[in-house]
Amino acid sequence: ALSSAGVSSSNITLNGASLAGTGGAGSGAYVMIGHGGLNETRDAIGTAVRTGYAEATRSGAIDIDLTGDFDFVGGAGNASFVHVGHGGRRNNAVDTEGHSGNIEIDASTIDVIGGPGAESYSMVGHGGYQTTGNHTGDIGLSSGGAVNVRGDLGGNDDADRAFAQVGHGGYDADFNTADLISV
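Note that the structure is predicted; figures quoted are calculated from it, not measured.

Student: Tell me what's going on with the sheet that holds strand 18 (residues 139–143), and back it up with residues and numbers.
Tutor: What the 5 strands build is an open sheet, ordered 2-10-15-18-21; its pairing is parallel. With partners counted over all chains shown, the strands left at the sheet margins are strand 2 (12–16) and strand 21 (181–182), one partner each. Relative to strand 15 (residues 103–107), strand 10 (residues 62–66) runs parallel, the two being bridged by 4 bridges. Each bridged residue has a counterpart across the sheet, and for I64 the counterpart in strand 15 is I105.

Rendered as structure tokens:
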């Protein structure tokens, strides 16, 4: 639940067969599992109160348990990212706080692939593109098959900042963390 103070805190649990998320072809056509999003802060009733660099503290565990595959691929549009974690694009934590909560993904195979569009990153962790804060929480990826983490799908040299990452932070994101990442 999002309060008027800009704090969002709840656990997210997804169970099922397979899960695929691909950023879109249009600008800002993103897919996200977590609190935050693209460049905005909302009040208690969901009204956008500020766009640009958003500041709010988001927390809660994210648990994805699948019997099949997990495939997250960035899109062709600018800022068409895919993200598991709190934050997003320019969604800063308040002052010295950070986004927090453990993240667990269990699937047959796990793909975290940056897209061909500029800033179309793929990430598992708190933070994102230009998102600051002291983010915390352990990250665990468990797979009976392959775990693939790869930036810039298709080798497009024009896909600036189309990174792939497992961990907190992101592109041009100032933060501190000392949490455990296990694959």
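Student: Could you give me a rundown of the pattern of salt bridges, with the residues and numbers involved?
Tutor: Applying the stated criterion across every chain, the model contains 1 salt bridge. When the shortest N-O distance is used, the salt bridge between E119 and R89 registers 2.6 Å. With E119 in the loop between strand 16 (110–113) and strand 17 (122–124) and R89 in strand 13 (residues 87–89), the pair connects residues that are 30 residues apart, well separated along the chain. Judged by its relative accessible area of 8%, R89 is buried.

Each value, and the rule that gives it
- Residues numbered from 1 in each chain as written.
- Predicted model: local features only at pLDDT ≥ 70, side-chain atom pairs only at ≥ 80, totals over all residues.
- Heavy atoms only, no water.
- Pairing = 2+ DSSP bridges.
- Helix = DSSP H or I, 4+ residues; strand = E, 2+ residues; numbered from the N terminus.
- Salt bridge = Lys/Arg side-chain N within 4 Å of Asp/Glu carboxyl O.
- Buried < 20%, exposed > 50% of the residue type's maximum accessible area, 1.4 Å probe, protein only.

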